[in-house]
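Close look at the chain arrangement
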Amino acid sequence: MIQKLITEIKKKQAPVVVGLDPQLSFLPEFLLKKQTELMGDTLEAVSSAIYEYNKAIIDATADLIPAVKPQIAMYEQFGVPGLLVYKMTVDYAKSKGLIVIGDIKRGDIGSTSGAYALGHIGKVRIGEKEYCPFDEDIVTVNPYLGSDGVQPFIDVCNQNDRGIFVLVKTSNPSSGEFQDRLIDGRPLYEIVGEKVAEWGESCMDGEYSNVGAVVGATYPEMGRILRKLMPKQYILVPGYGAQGGTAKDLKDFFNPDGLGAIVNSSRGIIAAYKKAPYDRFGEEGFADAARAATEDMIRDIRSVL
């Protein structure tokens, strides 16, 4: 799967993923009004508006980017209707040729972890038929419970040519409360990074592993260290733009050939119409604003590679 992602990155010359993380406050009023007039002030109305919102953004950016990353919590908050739209969004993005990174951050043990893996990147058999329930291409995984929580995902990756990005150093301000703690004189994120490299050896797909890592753009010095500790891992880089990460911060996340990392932006693209300079598009032009913000992000990242 990682080779498929690399092929798309090369083809579009854009190591960029758009985070489809819809919040109620991001939705243009006209989209929400249209659905509430049909279905009332309901979870179904909001979920339908989110789907129309996602479709428009995907349509506006699909020719520019290799992948999208829907954050499942933003859909779960609207219950079963929201989860249905999550699945519909995954399917629609794939119909447009995009790779889907499901930002699910699952991490449990044994059969529970295995069930998460099967449900999101694997297959379940019912009688004579097999189903891919959510059918993402890659998902994010929390390694806090150790190998018991990660190995079931690796097994499913090997069976189905899928991928995972394991949380190593996250972009949020309080990540250091645990991730920076010294263990035998070394920060925990380095130990996790080395473990990710070890896990990845059993799941190679060409020069890179289907087991990648999440490292936040807000910590460029740590990114530089982790790039060396995980030479065969693709790095998913959140934190660009709205969280403060800049293109300059990203250079060392990549290898000299310009590969090795893919950078995420969520609200900076999907809610671009709310802020200058993209507010010139207006609410009705939210998708055009998202496209313009994506083009600017791609140019910005290319400038440092």
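Cut-offs applied
Residues numbered from 1 in each chain as written. Predicted model: local features only at pLDDT ≥ 70, side-chain atom pairs only at ≥ 80, totals over all residues. Heavy atoms only, no water. Helix = DSSP H or I, 4+ residues; strand = E, 2+ residues; numbered from the N terminus. Rg over C-alpha atoms; globule rule 2.2 N^0.38 Å. Contact = heavy atoms within 4.5 Å. Lys, Arg positive; Asp, Glu negative; His and termini not counted. Charge placed at Lys NZ, Arg CZ, Asp CG, Glu CD. Buried < 20%, exposed > 50% of the residue type's maximum accessible area, 1.4 Å probe, protein only. Patch = residues over 30% accessible without salt bridge, like charges linked within 9 Å, V, L, I, M, F, W, Y side chains within 5 Å. Areas by Shrake-Rupley, 256 points an atom, 1.4 Å probe, with all protein chains shown as cover. Salt bridge = Lys/Arg side-chain N within 4 Å of Asp/Glu carboxyl O. Expected span 1.5 Å × (residues − 1). Pairing = 2+ DSSP bridges.

We now examine the overall build of the protein. Helix and strand counts for the protein stand at 13 helices and 14 strands. Taking 2.2 N^0.38 as the reference for a compact globule, 305 residues should give roughly 19 Å; the C-alpha atoms of the protein span a radius of gyration of 19 Å, in line with that estimate. Projected onto the principal axes, the alpha-carbon positions of the protein cover approximately 60 × 55 × 40 Å. Counting contacts in the protein only where the partners sit at least 6 residues apart, residues at least 24 apart contribute 73% of the total. The protein carries 34 positive and 41 negative side-chain charges, and their two centres are separated by 3 Å.

Topologically, Gln35 is positioned in helix α2 (residues 29–39). Of the residues examined, Gln35 reaches a relative accessible area of 8% and is grouped as buried. When near neighbours in sequence (up to four residues on either side) are disregarded, Gln35 contacts Gly40, Ala45, Ser48, Ala49 and Glu52.

Time to look at the environment of Leu38. Its location among the elements puts Leu38 in helix α2. Taking the relative accessible area as the measure of exposure, Leu38 reaches 65% and is therefore exposed. In this structure the C-alpha to C-alpha distance between Leu38 and Phe165, which are 127 residues apart in sequence, comes to 39 Å.

With that settled, the discussion passes to the environment of Asn255. Checked against the element boundaries, Asn255 lands in the loop between α11 (247–250) and β14 (261–265). Residues within four places of Asn255 in sequence aside, it is in contact with Tyr208, Arg227, Pro231 and Gly260.

On the surface, a cluster of nonpolar side chains totalling about 290 Å² of accessible area is made up of Val80, Leu84 and Met88. Since its relative accessible area comes to 60%, Val80 is described here as exposed.

Using the criterion set out here, one finds 19 salt bridges in the structure. Its salt-bridge partner being Glu190, residue Arg186 comes within 3.1 Å of it at the nearest N-O pair. Judged by its relative accessible area of 27%, Arg186 falls in the partly exposed class. Between Arg224 and Glu221 there is a salt bridge, and its shortest N-O distance comes to 2.6 Å. Taken as a pair, Arg224 and Glu221 lie in helix α10 (residues 220–229) at a separation of three residues, close to a single helical turn. The partly exposed category is assigned to Arg224, whose relative accessible area is 30%. Looking at Glu221, the relative accessible area reads 53%, which means it is exposed. Taken together, the shared-partner salt bridges in this structure form one network comprising Lys94, Asp135, Asp137 and Arg162.

Attention now goes to helix α3 (residues 43–61). Here α3 is 19 residues long and its end C-alpha atoms lie 27 Å apart, about the 27 Å a rise of 1.5 Å per residue gives. Those residues of α3 not exposed but buried are Ala45, Val46, Ser47, Ala49, Ile50, Tyr51, Tyr53, Asn54, Ile57, Ile58, Ala60 and Thr61. Next to the buried residues of α3 lie β1 (16–20), α2, α4 (73–76), α5 (79–95), α12 (267–270) and α13 (286–302).

Quick look at the pairing of strand β6 (residues 138–141) now. Taking every second residue as pointing to the same face, both faces of β6 are buried, with Ile138 and Thr140 on one and Val139 and Val141 on the other. In the sheet, strand β3 (residues 99–106) pairs with β6 via three bridges, with the strands oriented parallel. Within the sheet, the bridge partner assigned to Gly102 lies in β6 and is Val139. Two elements, β6 and strand β7 (residues 163–169), share four bridges in a ladder whose sense is parallel. Of the residues in β7, the one forming a bridge with Val141 is Val166.

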